[in-house]
Amino acid sequence: MHVNTEAIVISALKYGEADLIVKAYTLESGLKTYMLRGILKSKKGKLKASLFQLLTQLDLVASHKNKGTLEYLKEAKVLHTYQTLHTNVVKASIVMFLAEVLKNAIREEEANKPLYEYLTAGLNWLDLHDSIANFHLLFLLKLTRYLGFQPDHSNRDFPYFNMLDGVFQEYKSNEYCIEGENVQILRQLLGINFDSLTSVKLTQVSRTNFLNMLILYYELHIEGFRKPKSLAVLNEIFS
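- With an unreviewed UniProt entry as reference, the protein is termed DNA repair protein RecO, source organism Autumnicola lenta.
- Per UniProt, the protein carries the Sequence similarities (unreviewed entry) text "Belongs to the RecO family."
- You can read under Function (unreviewed entry) in the UniProt record for the protein the words "Involved in DNA repair and RecF pathway recombination."

Take a look at the structure:
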């Protein structure tokens, strides 16, 4: 089946001497994996390796068998040109981290327009703004809505947050009930948008602790989710 779709590059892995295996989250078909043969050595082909930088937004023409196998990509062109996302060192580190999270978190091979639109809106915001120290925290928190385990906002004044059930509680009921500063930060971030991020003032230690909590929250709710290897790099960037 031939498909023309928007897509976001999730990963690009060198295979052999000249091939590239690209995972992309597509608007029309969800997560897809493409084998791009000879792209790393060919100078004449339509497809260039530079197109497949992490989280690049592309317009694709592809052939989808929809059998869970590697798909065939015919054409690709940049749909939205970023201004700073790949050239700013801090933003590039955030991009590497977010791409790794998305690779671990998104599994579905079916269209999810709200998720796709959330991803593109978030990336475009990051590209155009400078006050971004807490961006990844809010991005991951908001992403839980589209992945099916958004924290329940009700009873948000209760002192404990139960990460297993995603609810605020008056009492501690298991080892995954957290309290203290991480719960305060969670309350601050719930319900705000990216434009309000400057109102959230965090120290490097607080930011790191909250991010570690978010990663654990993902591990609890997504089977097989692995802690991103780029987490250490991100923490170093904001230290």
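Don't stop here, the text continues.
## A look at the sheet that holds strand β6 (residues 160–162)
Here comes step 1: The strand order across the open sheet formed by three strands is β7-β6-β8, and the pairing between neighbours is antiparallel. Strands at the two margins of the open sheet, each flanked by one partner only, are β7 (167–169) and β8 (177–178).
Here comes step 2: For β6 and β8, the ladder comprises two bridges, and the chain directions are antiparallel. Counted as the bridge partner of F161 is I178 from β8.
Here comes step 3: In the packing of helix α4 (residues 181–189) onto the sheet, the strands contacted are β6, β7 and β8, and the crossing angle to β7 comes to about 130°.

## Thoughts on the UniProt feature "domain: DNA replication/recombination mediator RecO N-terminal" (unreviewed entry) in the protein
Here comes step 1: Within this structure's numbering, the places UniProt gives as "domain: DNA replication/recombination mediator RecO N-terminal" (unreviewed entry) are residues 1–82.
Here comes step 2: Note that residues 1–82 is 0% helix and 55% strand, and that its end C-alpha atoms are spaced 30 Å apart.

What counts, and at which threshold
- Residues numbered from 1 in each chain as written.
- Predicted model: local features only at pLDDT ≥ 70, side-chain atom pairs only at ≥ 80, totals over all residues.
- Heavy atoms only, no water.
- UniProt positions renumbered as here; feature names shortened; annotations may be inferred.
- Pairing = 2+ DSSP bridges.
- Helix = DSSP H or I, 4+ residues; strand = E, 2+ residues; numbered from the N terminus.
- Contact = heavy atoms within 4.5 Å.
- Axes fitted to C-alpha atoms, helices over the stretch in contact; angles between N-to-C directions.

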